[in-house]
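Chains, contacts and geometry: an overview
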Amino acid sequence: MKAYEIRDGFGLEKLVSCERPDPTPGPFQVRVRVKATSLNYRDLMMVEGRYNPRQKLPLVPNSDGAGVVDAVGPGVTRVKVGDRVIGLFAQAWAAGEPTRLAQQSTLGGPLDGALADTMVLREDGVVPTPDYLTDEEAATLPCAALTAWSALVTHGALKAGDVVLLQGTGGVSIFALQIARLMGARVIITSSRDDKLERARGLGAHEGINYVTTPDWDKAARALTGNAGVDHVVEVGGAGTFEKSLRAVRPGGTVSVIGVLSGVAGAVPLTSILMQNLRVQGILVGHRQSFEALLRAFSQHSVRPVVDRVFPFDEAVAAFHHLKSGAHFGKVVIRVG
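Because the structure is a prediction, the values reported are computed rather than measured.

**Description of the overall build of the protein chain**
- Tallying secondary structure elements over the protein chain gives eleven helices and 15 strands in all.
- For 337 residues, the compact-globule estimate of 2.2 N^0.38 gives 20 Å, and the C-alpha radius of gyration of the protein chain, at 20 Å, lies within 12% of that figure.
- Each of the 337 residues in the protein chain was classed as buried or not, and the buried ones make up 55%.
- Put simply, of all contacts in the protein chain between residues at least 6 apart along the chain, 69% involve residues at least 24 apart.
- On the protein chain, roughly 14,100 Å² of surface is accessible, and the fraction owed to carbon and sulfur atoms is 52%.
- Distance between charge centres in the protein chain, computed from 36 positive and 33 negative side chains, equals 3 Å.

**Let's talk about the sheet that holds strand β13 (residues 279-282)**
- As summarised here, the arrangement of the six strands in space is β10-β9-β8-β11-β12-β13, forming an open sheet in which the pairing is parallel. The strands lining the two open edges of the sheet, one partner per strand, are β10 (207-210) and β13. Taken pair by pair, the neighbouring strands of this sheet meet at an average axis angle of 20 degrees, ignoring direction.
- As judged from the five bridges shared by strand β11 (residues 230-235) and strand β12 (residues 249-257), these two strands associate in the parallel manner. Looking at the pairing, E235 lines up with V257 of β12.

**Thoughts on unusual backbone geometry**
- With omega at 5 degrees, the peptide bond leading from L57 into P58 counts as cis.
- The amide bond that connects G109 to the next residue, P110, takes the cis arrangement and shows omega of 5 degrees.
- Checked against the element boundaries, P110 lands in the loop between α2 (100-103) and β6 (118-122).

**Focus on empty space enclosed by the protein**
- Taken as a whole and assessed by the stated rule, the structure comprises one cavity of 30 Å³ or more.
- Size it by volume and the largest cavity reaches roughly 30 Å³.
- Lining the largest cavity we find L88, F89, A90, W93, P142, L146, G286, H287 and R288.
- For the lining of the largest cavity, the per-class residue count stands at six nonpolar, two polar and one charged.

**What to know about the nonpolar core**
- Counting 51 residues, the largest nonpolar core has L141, L152, V164, L166, V234, F291 and L294 as the members making the most contacts within it.
- Among the secondary structure elements, those contributing two or more residues to this core are α4 (141-154), β8 (163-167), α5 (171-182), β9 (186-191), α6 (194-202) and α10 (288-301).
- The element contributing the most residues to this core is α4, with nine residues.
- Here L141 is in contact with I86, L133, L146, F175, F291, L295, F298 and P305, once residues within four sequence places are set aside.

**Let's talk about the environment of S17**
- Among the structural elements, S17 can be located in strand β2 (residues 15-19).
- Counting along the chain gives 207 residues from S17 to L224, while the straight-line C-alpha distance between them is 49 Å.
- Residues in contact with S17, not counting those within four places in the same chain, are A3, Y4 and R7.

**Structural notes on the packing of aromatic side chains**
- If you walk through the whole model with that rule in mind, you get two aromatic pairs.
- An angle of 80 degrees between the planes, with centres 5.1 Å apart, marks the rings of Y4 and F313 as edge-to-face. With Y4 in strand β1 (residues 2-6) and F313 in the loop between β14 (307-312) and α11 (316-325), this pair connects stretches of sequence that are 309 residues apart. Of the two residues, Y4 and F313, both sit in the buried class.

**A short note on the layout of surface pockets**
- The space that makes up the second largest pocket amounts to roughly 320 Å³.
- For the second largest pocket, the lining is made up of 19 residues, of which L107, D112, M119, V120 and L121 are closest to its centre.
- By residue number, the principal contributor to the lining of the second largest pocket is β6, which donates five residues.
- Here the residues of the lining of the second largest pocket sort into eleven nonpolar, five polar and three charged.

**Section: the environment of R279**
- Position of R279 relative to the elements: it lies in strand β13.
- Note on R279: relative accessible area 34%, which makes it partly exposed.
- C-alpha of R279 to C-alpha of L246: the two residues are 33 residues apart in sequence and 9.7 Å apart in space.
- Not counting residues within four places of it along the chain, the set of residues in contact with R279 comprises H155, G253, T254 and V255.
- Polar side-chain contacts of R279 include one of 3.1 Å to the backbone oxygen of H155.
- Reaching out from R279, the side chain makes a polar contact with the side chain of Q281 at a distance of 3.0 Å.

What counts as what
- Residues numbered from 1 in each chain as written.
- Predicted model: local features only at pLDDT ≥ 70, side-chain atom pairs only at ≥ 80, totals over all residues.
- Heavy atoms only, no water.
- Helix = DSSP H or I, 4+ residues; strand = E, 2+ residues; numbered from the N terminus.
- Rg over C-alpha atoms; globule rule 2.2 N^0.38 Å.
- Buried < 20%, exposed > 50% of the residue type's maximum accessible area, 1.4 Å probe, protein only.
- Contact = heavy atoms within 4.5 Å.
- Areas by Shrake-Rupley, 256 points an atom, 1.4 Å probe, with all protein chains shown as cover.
- Lys, Arg positive; Asp, Glu negative; His and termini not counted.
- Charge placed at Lys NZ, Arg CZ, Asp CG, Glu CD.
- Pairing = 2+ DSSP bridges.
- Axes fitted to C-alpha atoms, helices over the stretch in contact; angles between N-to-C directions.
- 1 Å grid on protein atoms, 1.4 Å probe; cavity = no way out; pocket = protein on both sides within 12 Å on 5 of 7 lines; lining within 4 Å.
- Points joined across faces, edges and corners; volume = space filled by probe spheres on them.
- Nonpolar A, V, L, I, M, F, W, Y, C, P; charged D, E, K, R; others polar.
- Core = buried A, V, L, I, M, F, W, Y, C linked by side-chain atoms within 4.5 Å.
- Phe/Tyr/Trp six-rings, centres within 6.5 Å; stacked < 30°, edge-to-face > 60°.
- Polar contact = N/O pair within 3.5 Å; in protein donor to acceptor, adjacent residues only side chain to side chain.

In structure tokens, the structure reads:
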């Protein structure tokens, strides 16, 4: 099998192609010939050693992959050879609250991930790919789409008429836009570029704020709600944007913390959280049950993921550089097989 490994230290220069023996699925395992894998910011942080500096190497990165089952181990009943499937980010998280086991069963660290032409996964760690999706589209869903769904639906209890504030136009934010529109919510989205805001409006965003020309985007968002504040913020920025998110949300509103693009550490304004009766929810992607609900909703309405660019497998490192540049809109995908 062909793969990429993070080897002999961290950094994009340490992401190298390699060959490994073809794996054999054990009891209740399936072997998947990977057709496509998508990139998340988590994957970039893993390669650069910022996600878990103590991660054991070598490691095959990437959390998200889709492909075709080509072998099954003893006892497998959920899928059969020839089935198109998507791998779950957390292989051992079926439903409910995350456990230590679930946290240790995530692809792309600590377990080997999808930047390879072959993976062995648990039979309950894959779900059928909806027929209307390509493998490239399906490979975008396990982390980014499920994170947005968990934030807004599973934990956020989003309802029609709510106002959602989204940060940027990366994978999670664009999926959150699609989900919010699906649920009948009003969407305000931010970006550093007006052309990206126009593309977001084309997908159904109601208002856009350029945070470069309008650095007080929190005040601008409140103004768009008659100074009431938004109902829900999908917070992907991290420490550098968190305080403004708290100022943008209404009393009793929710801030879903899902990203650390602008930093992982900072002062927490507890007074704002307490006095405004805010709900701050950390989002760890999600479980199988939520992913199946997301796929039902997307299939019902034929929602198609927004794919920014598809790279060939031999240009995987260039795909990471493209993600790091921030030039993308939606998801960056690598075609594997």
